[in-house]
Amino acid sequence: MSGPERSEGAAKRACSRAKLVVVGNGMAGARTVEEILRRGGGERFDITVFGAEPYGNYNRILLSEVLSGAEDEAGIVLNDLAWYRDNGIELRAGVRVTRIDRFARVVHAEDGTERHYDKLILATGSRAHVPAIPGLHHPSRGYHQGVFAFRTLDDTRGMIRYAREHERAVVIGGGLLGLEAARGLQHHLPHVTLVHSGGHLMHAQLDAQGGAILRRSVERLGIAVVTGAYTAEILGRDAVTGVRLRDGREIPCDVVVVAAGIRADTDLAAASGLVVERGIVVDDQMRALDEPDIYAVGECVQHRGETYGLVAPLWEQAKVLADHVTGADPGAAYHGTRTATRLKVAGVDVASMGLRAAERDGDETVVFAEPARGVYRSAVVRDGRLAGATLVGDVRRAALLTRLYHEGVALPDDRAALLVDASGHEDDPAALADDLQVCNCNGVTKAALARAVHSGSRTVGAAMEATRAGRGCGSCKPLVTRIVEWAAGGTADEDPAADWYVPGVPMPKQQLMEAVRRLELRSVSAVFAALAPGGREDAKSKMGLASLLRMLWGAEYVDERDARFINDRVHANIQKDGTFSVVPQMQGGVTTPAQLRRIADVADKYEVPMVKLTGGQRIDLLGVRKEDLPAMWADLGMPSGWAYGKSFRTVKTCVGAEFCRFGLGDSTALGIALEERYQGIEGPGKMKLAVTGCPRNCAEAYVKDLGVVAIEGGRWELYVGGAAGAHVRKGDLLATVSTPEEVVALTGRFLQYYRESANWLERTYAWVPRLGIDHIRAVVVQDAEGIAARLDASMAASVAAYRDPWLERVEAATPGQFRPSLPGQP
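> Provide a residue-level description of the nonpolar core, including the pertinent values.
Judged by nonpolar contacts, the single largest core of 52 residues is most densely connected at Val107, Leu120, Ile121, Leu122 and Met286. The dominant element in this core, judged by the number of residues it contributes, is helix α10 (residues 311-326), at seven residues. Once you skip the residues sitting within four places of it in the chain, Met286 turns out to touch Ile294, Tyr295, Ala296, Val297, Val301, Gln317, Val320, Leu321 and Tyr334. Ranked by size, the runner-up nonpolar core spans 41 residues in total, among them Tyr162, Ile213, Leu214 and Val348.

See the structure below:
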């Protein structure tokens, strides 16, 4: 068949496909699309997904890990933008649907988009429940300054930025979300108080005794807890200064986080005429009532009078919906879920299922408590069967109790054996039922894990990747590990992928670098073709490979734009609404009146919504349209400040000896020299530097990737591996030198060694302690491995290859580089 004939055939097939529109790109919506694709839905449907947030799909459960700094944003992504492209899905990210015309079968979005549908899926999820508390909102800007909800990635980012500069937080709500928020905030400010209206913490999951023991464990972490307290008012005129409780008590604070639960987001459905009670009412096939072609799934749904806030029921719903909408199993039906929860809450293991306490005269209650150890276990028995259980602190019996609860089998007469294992051992995987749900977050059973192992996923990491077990809250990882080891015959294989630089190329970094040099692979596609299994390209590996190749080849690197993230393609930082921020370079934080006038004129000309000073001593122009970027750069006439890439960012300085009476060295001149030489140098992670003129540390040099401190006698100390973000770490002393020239040379050598030996996305604050400061000092300062000259030469080559990316304003790198785009779809 000729090329034109093939194209014509493909066009006919596309025209014959039904139109499937999904409203909601959260965990339920995206999981439903995955299930539809598994059933061949990609051939049957043209799929359009609308998402209110300007991102792909991420794991909302792990936002608390991002807040605490235990996980970065990239680590919680489930389906990135490339996944939608690769599967032929039109993603309208950052675009809200405002109306459904059920008779014309059209959805209307706030940006004017209209999409016809043959089948429609509503996965609008839930929204944060925000009580009507006086002072919570400001009439001109929404939430009062210092007040945050905790529901989205943007909420989390906002909390982190604001909390870093403040001292005291109050979290309203003592459920799961509130506890996680309180624990996460402790990594950013010293004082956290949790205010809960209920009589005990997690009252929806725990009884009073279990809640009291959980409270003691939480208070031991340094979190103050106030229960039985209603917030009557948020205090403060221009910003939050405290909260007043209904009994008159006042708690001073400058941050308030509202985590008072969630409510199904049903506004769109109700406005469109669908039947809505507490959620969108659906039948057993997940169809909206009297609407054969409109489905709903997830937290927005009410099924047989029940709504669900856990992910396990959502996965079951997604499978039924996919079976029905694709025709894979027209008889598929959802009958509800007996929920069992196993979570890690503020660092404390908690499991609960069914009843929390006896409700009938004949119910039995069995309790085992060790308050001093923070351990509590209770079980409710009805008619000789397990009707509910609660475990706090020690959840080793959770797997057994979950199985007994789901199976409804008759219990032994020795009820105490339900809660106490005299051997002290974990549950034996061999004794667990095949259909036991091991991972509640992703609905993974013991049988699914065993199948993954028998299908070749014989490492713990591979089995988790294949099934997604352990990718939620993480509390099931110990049990997942034991099941994988059992299924593998006693010992799981070592996971070779743990040492790979990027997931798509099975090589550690040093081996990968040697192969790239030997085979002279100068582009990302060449690396995939030569080194990836089957020559397959992997979207998650492209950015890491591009960074590595630029380091190795400098000016000889062959740039392929699809290997770049959107920020690197347009040299600006994408914002939540699809606009960009522009940060011109100000070396060492020094500027001139002429530069400031130009910035002001540019801000006026392009109607920039916000002009903000950054923590790196620069000026950020926020809310810039993509198509305006080249003209704005030209009008500024300043180089890029590299505020968007995994690269050398900035050098923060104090005024030093030139003006300050305490200054011991010219920190400003040295900072400018460092930034001038190493500007824009790419790395595995971003690199932030500082130079301070004395140990008073006004430029915060002790907590930078590399910080330089002037000391008595005209000498300079170099500190490395510091951090002051989600992770806080004082840098280690690398060396003390006598001249600025030595500082510049050692800085380049250190950064080059970091570039060559750190893992992708590994910041110096993790890399330095991993290698050890003594080892790094031996290599970089003492040249113990004889590679100092090569490191210096490699860095010099990278410096020589530098080109200001904003020069692409003259000639775009690709025809559509700065083409106008919808939010979230650059």
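Next comes the rest of the write-up.
> An account of helix α21 (residues 667-678) is requested, with residue identities and associated values reported.
Counted at 1.5 Å a residue, the expected span for α21 with its twelve residues is 16 Å, and the 16 Å between its end C-alpha atoms agrees. Listed in full, the buried residues belonging to α21 are Ser667, Thr668, Leu670, Gly671, Leu674, Glu675 and Tyr678. All buried residues of α21 project into a common sector of 165° when viewed along the axis, lining one side. Lining the buried residues of α21 we find β36 (648-653), β37 (687-692), β38 (706-711), β39 (715-720), α22 (740-757) and α25 (788-800).

> Before we move on, could you go through the confidence of the model for the chain and cite the residues and values that matter?
Chain-level statistics for the chain give a pLDDT mean of 88 and a share of 93% at 70 or above. A low-confidence stretch, residues 1-14 (pLDDT under 50), is modelled with two contacts involving residues beyond four sequence positions or located in other chains.

> Can you lay out the packing of aromatic side chains for me, pointing to particular residues and giving the numbers?
Taken as a whole and assessed by the stated rule, the structure comprises eleven aromatic pairs. The interplanar angle of 90° and the centroid separation of 4.9 Å between the aromatic rings of Trp83 and Tyr84 together place this pair among those described as edge-to-face. On the basis of an interplanar angle of 50° and a centroid distance of 6.3 Å, the ring pair of Trp642 and Tyr802 is categorised as tilted. Of this pair, Trp642 sits in the loop between α20 (629-636) and β36 while Tyr802 sits in the segment after α25; the two residues are 160 residues apart in sequence, bridging distant segments of the chain. A residue is classified by how much of its surface remains accessible, and Trp642, at 9% relative accessible area, is buried. The structure contains a cluster of three or more aromatic residues connected by ring pairs, namely Phe750, Tyr753, Tyr754 and Trp767. It is Arg246 that lies over the ring of Tyr230; its NZ or CZ is 4.3 Å from the centre. Looking at Arg522, its charged tip hangs above the ring of Trp553, at a distance of 4.0 Å from the centre.

> Which residues make up the sheet that holds strand β8 (residues 114-116), and what values do they have?
With respect to topology, three strands assemble into an open sheet ordered β6-β7-β8, the strand pairing being antiparallel. The sheet terminates laterally at β6 (97-101) and β8, the two strands that pair on one side only. On average, each strand axis in the sheet is inclined to that of its neighbour by 20°, with strand direction left out of account. Pairing between β6 and strand β7 (residues 106-109): four bridges, direction antiparallel. The partner of Val97 across the bridge, within β7, is Ala109.

> Could you give me a rundown of the environment of Ala132, with the residues and numbers involved?
Along the chain, the position of Ala132 falls in the loop between β10 (126-128) and β11 (137-138). For Ala132, a relative accessible area of 84% puts it in the exposed group. Taking the C-alpha atoms as reference points, Ala132 and Val21, 111 residues apart in sequence, are found 35 Å from one another.

> So what about the pattern of salt bridges? Which residues, and what values?
For side chains of opposite charge, pairing can occur when their charged atoms come near one another. Under the criterion given, the structure shown has 45 salt bridges. Across the pair Lys605 and Asp635 runs a salt bridge whose closest N-O atoms are separated by 2.8 Å. Taken together, the residues Lys605 in helix α19 (residues 593-605) and Asp635 in helix α20 connect sequence positions 30 residues apart. For Asp774, the salt bridge identified is with Arg777, shortest N-O distance 3.1 Å. One end of the pair, Asp774, and the other, Arg777, are both in helix α24 (residues 773-780), three residues apart, so they sit about a helical turn from each other. Overall, the relative accessible area of 55% leaves Asp774 in the exposed class. The exposure class assigned to Arg777 is partly exposed, which follows from its relative accessible area of 23%. Through salt bridges with shared partners, a single ionic network connects Arg31, Glu34, Glu35, Arg38, Arg39, Asp323 and Arg468.

> With reference to specific residues and values, describe α10.
If you check α10, its first and last C-alpha atoms are 22 Å apart, about what 16 residues at 1.5 Å a residue would give, namely 22 Å. Burial runs high along α10: 14 of the 16 residues are buried.

> Explain the packing of helix α12 (residues 446-454) against helix α14 (residues 477-487) to me, using residue names and the numbers behind them.
Contact pair α12 / α14: the axes reach a minimum separation of 9 Å and the direction vectors enclose 50°. It follows that α12 is oblique to α14 by the angle criterion. The handedness of the crossing between α12 and α14 comes out as right-handed. Touching Lys446, Leu449, Ala450, Val453 and His454 of α12 are Val480, Ile483, Val484, Trp486 and Ala487, all from α14. When the residues that make up the contact of α12 with α14 are grouped by side-chain class, the tally is eight nonpolar, one polar and one charged.

> Go over the packing of α22 against α24 with me, naming the residues and quoting the values.
Packing of α22 against α24 leaves a shortest axis separation of 10 Å and a crossing angle of 120°. Taken as axis vectors, α22 and α24 run oblique relative to one another. By crossing handedness, the relation of α22 to α24 is classed as right-handed. Between α22 and α24, the residues in contact are Leu746, Arg749, Phe750 and Tyr753 and His775, Ile776, Val779 and Val780, respectively.

> Explain unusual backbone geometry to me, and be specific about the residues and the numbers.
Positive phi, normally seen in glycine, also occurs at Asp290, with a value near 65°. Judged by its relative accessible area of 72%, Asp290 falls in the exposed class. The residue Glu607 is not glycine, and still its phi comes out positive at about 50°. Inspection of the secondary structure assignment puts Glu607 in the loop between α19 and β34 (610-613). Exposure remark for Glu607: the relative accessible area of 64% places this residue in the exposed category.

> Now, about the sheet that holds strand β19 (residues 250-252): what can you tell me, with residues and values included?
The strand order across the open sheet formed by three strands is β17-β18-β19, and the pairing between neighbours is antiparallel. Of all strands in the sheet, those bounded by a partner on one side alone are β17 (231-235) and β19. Strand-to-strand twist in this sheet, taken as the mean axis angle between neighbours without regard to direction, amounts to 20°. Bridge count for strand β18 (residues 242-245) against β19 is three bridges, and the pairing is antiparallel. Within β19, the position partnered with Val243 by the bridge is Ile251.

> So what about the pairing of strand β29 (residues 385-392)? Which residues, and what values?
In terms of residue burial, β29 counts as a mostly covered element, since seven of its eight residues are buried. Here five bridges tie strand β26 (residues 348-354) to β29, and the two strands are oriented antiparallel to one another. Bridge pairing in β29 places Ser352 opposite Thr390. As paired strands, strand β28 (residues 375-382) and β29 are joined by seven bridges and run antiparallel to one another. Paired with Arg377 across the bridge in β29 is Leu391. Hairpin connection between β28 and β29: a loop of two residues separates the two successive antiparallel strands, and Asp383 in this loop has a positive phi of roughly 55°.

> An account of a positive patch on the surface is needed here, citing residue identities and associated values.
On the surface, Arg161, Arg164, Lys612 and Lys688 cluster together into a positively charged patch. Mapping Arg161 onto the fold places it in helix α6 (residues 153-163). The class for Arg161 is exposed, based on a relative accessible area of 54%.

How each quantity is defined
- Residues numbered from 1 in each chain as written.
- Predicted model: local features only at pLDDT ≥ 70, side-chain atom pairs only at ≥ 80, totals over all residues.
- Heavy atoms only, no water.
- Core = buried A, V, L, I, M, F, W, Y, C linked by side-chain atoms within 4.5 Å.
- Buried < 20%, exposed > 50% of the residue type's maximum accessible area, 1.4 Å probe, protein only.
- Helix = DSSP H or I, 4+ residues; strand = E, 2+ residues; numbered from the N terminus.
- Contact = heavy atoms within 4.5 Å.
- Expected span 1.5 Å × (residues − 1).
- Arc of directions from axis to C-beta.
- pLDDT = per-residue confidence, 0-100.
- Phe/Tyr/Trp six-rings, centres within 6.5 Å; stacked < 30°, edge-to-face > 60°.
- Lys NZ or Arg CZ within 6 Å of the ring centre and 35° of its normal.
- Pairing = 2+ DSSP bridges.
- Axes fitted to C-alpha atoms, helices over the stretch in contact; angles between N-to-C directions.
- Salt bridge = Lys/Arg side-chain N within 4 Å of Asp/Glu carboxyl O.
- Parallel < 35°, antiparallel > 145°, perpendicular 65-115°, else oblique.
- Left-handed = near helix turned anticlockwise from the far one by under 90°.
- Nonpolar A, V, L, I, M, F, W, Y, C, P; charged D, E, K, R; others polar.
- Patch = residues over 30% accessible without salt bridge, like charges linked within 9 Å, V, L, I, M, F, W, Y side chains within 5 Å.
- Areas by Shrake-Rupley, 256 points an atom, 1.4 Å probe, with all protein chains shown as cover.
- Lys, Arg positive; Asp, Glu negative; His and termini not counted.
- Charge placed at Lys NZ, Arg CZ, Asp CG, Glu CD.

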